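Below are the chains, spelled out letter by letter.
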Amino acid sequence: MARITASVYTSHVPAIGAALDLGKTGEAYWQPVFAGYDFAKQWIKEAQPDVVFLVYNDHATAFSLDLIPTFALGTGASFTPADEGWGPRPVPMVHGHPELAAHIAQSVIQDDFDLTLVNKMAVDHGLTVPLSLMFGQPEAWPCKVIPFAVNVVQYPVPSGRRCFQLGQAIRKAVESFDEDLNVQIWGTGGMSHQLQGPRAGLINREWDNRFLDRLIADPAELAGMPHIDYVREAGSEGIELVMWLIARGAMADVAGGPPPTVLQRFYHVPASNTAVGHLILENP
Amino acid sequence: MALDKPYKDVPGTLIFDAEQSRKGYWLNQFCMSLMQAENRARFKADERAYLDEWAMSEEQKQAVLARDLNWCMRTGGNIYFLAKIGATDGKSFQQMAGSMTGMSEEEYRDMMIKGGRSPEGNRYLGEDGDAQPQHQPQGKAGQKGNP
């Protein structure tokens, strides 16, 4: 049977991708950011997921205002890294897992989550920066990746509670797939940041760290936090953090299992306009 | 019946909701078109002519020509879409975000390195933080008493 073994949480700041692609990781500005992922890079070599279910958001790349799906599951065989206007990132093609994705679609939709299914889409920095942070710069990504895009660009975005419940449905789906697969679920985006208006540049270190505490210890309660709290405290783009609740909802403890082990916790300000947060939680 | 929009009282912040999206549809779709190199070249060659191909309001076109991102947002623009204009101009996301505060690029970058903008005084309209309307523009631009 397939099993969700761990969840990973990370910001997906585009400038991090640019720093990596342009060979700036050793610069004083960037060094502390990348150092925060040294542990993850070692760990994931041993953890060796077969599939990463990667929760991220598209940033007006694959989805314009033509189509605004709240939850879009990538069911295709491959996904091309997008040209976001600065040229495509020099990263490998992303290969999906259409069989598992189809199984998840079947299960999750029957669990009352009306997903949009996407067989063809380009994937932007929201998806590729986390892969780079975790795997570095390989010739090919070492595992399959199922993209799961969440609308956090146009309000209303899905609530924290809905995201948390969706994570639970995804867990149920994955764990009913017959093939033996080591599956990780990643929640990306955040932490506090605001990219717009006179309040641009907002960072809330205290709030972010409390969010990490609560995500680890009491995610069900955290999931009840309304959108306005994210906006007011963590900036208009801090709302991306609802995506972390999807990954957290898929962990064993939420389904009555033992609590996860915290393998890594990292926080750093700034990367460009953003507070970088990163967690690894492993199911015992 | 009016819908609940509790985010209207956050200073210096315009939430891109379904209503803003409706207003900004063509502005944002124009921005999307700049994802293609051929369109970027045509836009750069004659901005006004290229804008006139889109069903945008005159105000939206003026806001784009002025590269005033706050103005673009008020007319329905979304920052991730507007970023395509910045990419066309060779600007980084940080330069774009900074431009909306009135700070110079250096001032904004320094603020971020020092830990970013504090939420103190910037949670509700009517407080006294640096993002409040009474403190615009920020940085040196706001200290000159602009003649």
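Below is a short write-up of the structure.

## Examining the overall build of chain B
Of regular secondary structure, chain B possesses ten helices and zero strands. Mapped from its N terminus to its C terminus, chain B presents α and β elements in the order α-α-α-α-α-α-α-α-α-α. Projecting the C-alpha coordinates of chain B onto the three principal axes gives extents of approximately 45 × 45 × 30 Å. Across the 147 residues of chain B, 48% fall into the buried class. Counting every atom, chain B has about 7400 Å² of accessible surface; 52% of that belongs to carbon and sulfur. In chain B, which carries 19 positive and 21 negative side-chain charges, the distance between the mean positions of the two groups comes to 3 Å.

## Side note on the packing of helix H6 (residues 160-174) of chain A against helix H10 (residues 242-249) of chain A
Two measures define how a pair of helices packs: the angle their axes make with one another and the distance between the axes. Residues and elements named next belong to chain A. Following both chains from N to C, one finds H6 and H10 inclined at 30°, their axes separated by 6 Å at the closest point. Put simply, H6 runs roughly parallel to H10. Here H6 and H10 pass one another in a crossing that is right-handed. Contacts from Gly 160, Cys 163, Phe 164, Leu 166, Gly 167, Gln 168 and Ile 170 in H6 reach Val 242, Leu 245, Ile 246, Arg 248 and Gly 249 in H10.

## Comments concerning the layout of surface pockets
Within this model, the second largest pocket holds a volume of roughly 290 Å³. In terms of lining, the second largest pocket is formed by 13 residues, of which the most central are Pro 156 of chain A together with Asp 4, Lys 5, Pro 6 and Tyr 7 of chain B. Class assignment for the residues of the lining of the second largest pocket results in eight nonpolar, one polar and four charged.

## Section: the environment of Leu 215 of chain A
Residue and element names in this part refer to chain A. Among the structural elements, Leu 215 can be located in helix H7 (residues 205-217). On the basis of relative accessible area, Leu 215 is assigned to the buried category, the value being 0%. Separated by 100 residues in sequence, Leu 215 and Leu 115 place their C-alpha atoms 25 Å apart. Ignoring sequence-local partners within four residues, the contact set of Leu 215 consists of Tyr 9, Leu 222, Trp 244, Leu 245, Arg 248 and Leu 279.

## What to know about empty space enclosed by the protein
A full pass over the atoms with the stated rule returns two cavities of 30 Å³ or more. Around the largest cavity sit 18 residues that line it, and Val 153, Gln 196 and Glu 237 of chain A together with Phe 16 and Asn 78 of chain B are the ones nearest its centre. Here the lining of the largest cavity is composed, by residue class, of ten nonpolar, six polar and two charged. If you add up the space inside the second largest cavity, you get close to 140 Å³. Forming the walls of the second largest cavity are 15 residues, and the residues nearest its centre are Asp 58, Phe 63, Ile 68, Asn 151 and Val 153 of chain A.

## Focus: helix H2 (residues 25-33) of chain B
Given 3.6 residues to a turn, an α-helix orients residues that are three or four positions apart in the same direction. Residues and elements named next belong to chain B. Buried residues dominate H2, accounting for seven of its nine residues. For H2, every residue scored as buried is listed here: Leu 27, Asn 28, Gln 29, Phe 30, Cys 31, Met 32 and Ser 33. Packed against the buried residues of H2 are helix H3 (37-45), helix H4 (47-51), helix H5 (58-65), helix H6 (69-74) and helix H7 (79-88).

## Structural notes on the sheet that holds strand E3 (residues 71-74) of chain A
Residues and elements named next belong to chain A. With mixed pairing, eight strands are arranged side by side in an open sheet as E6-E3-E7-E2-E8-E1-E10-E9. On the outer flanks of this sheet lie strand E6 (116-118) and strand E9 (261-271), each paired with one strand and no other. For this sheet, the mean angle separating the axes of adjacent strands, direction not counted, is 20°. In this structure, E9 lies alongside strand E10 (residues 274-282), joined through eight bridges in antiparallel fashion. Directly across from Ala 271, in E10, lies its bridge partner Thr 274.

## Side note on the pairing of strand E2 (residues 51-56) of chain A
Residue and element names in this part refer to chain A. In terms of residue burial, E2 counts as a mostly covered element, since six of its six residues are buried. Alternating positions in E2 separate into two faces, Val 51, Phe 53 and Val 55 on one and Val 52, Leu 54 and Tyr 56 on the other, with burial throughout. Judged from the six bridges that link them, E2 and strand E7 (residues 144-150) form a sheet pairing that is parallel. Residue pairing for E7: Val 51 is matched across the bridge by Lys 144. Alignment of E2 against strand E8 (residues 182-188), held across five bridges, turns out to be parallel. Within E8, the position partnered with Leu 54 by the bridge is Trp 186.

Conventions we followed
- Residues numbered from 1 in each chain as written.
- Chains lettered and ligands numbered in written order.
- Predicted model: local features only at pLDDT ≥ 70, side-chain atom pairs only at ≥ 80, totals over all residues.
- Heavy atoms only, no water.
- Helix = DSSP H or I, 4+ residues; strand = E, 2+ residues; numbered from the N terminus.
- Buried < 20%, exposed > 50% of the residue type's maximum accessible area, 1.4 Å probe, protein only.
- Areas by Shrake-Rupley, 256 points an atom, 1.4 Å probe, with all protein chains shown as cover.
- Lys, Arg positive; Asp, Glu negative; His and termini not counted.
- Charge placed at Lys NZ, Arg CZ, Asp CG, Glu CD.
- Axes fitted to C-alpha atoms, helices over the stretch in contact; angles between N-to-C directions.
- Parallel < 35°, antiparallel > 145°, perpendicular 65-115°, else oblique.
- Left-handed = near helix turned anticlockwise from the far one by under 90°.
- Contact = heavy atoms within 4.5 Å.
- 1 Å grid on protein atoms, 1.4 Å probe; cavity = no way out; pocket = protein on both sides within 12 Å on 5 of 7 lines; lining within 4 Å.
- Points joined across faces, edges and corners; volume = space filled by probe spheres on them.
- Nonpolar A, V, L, I, M, F, W, Y, C, P; charged D, E, K, R; others polar.
- Pairing = 2+ DSSP bridges.

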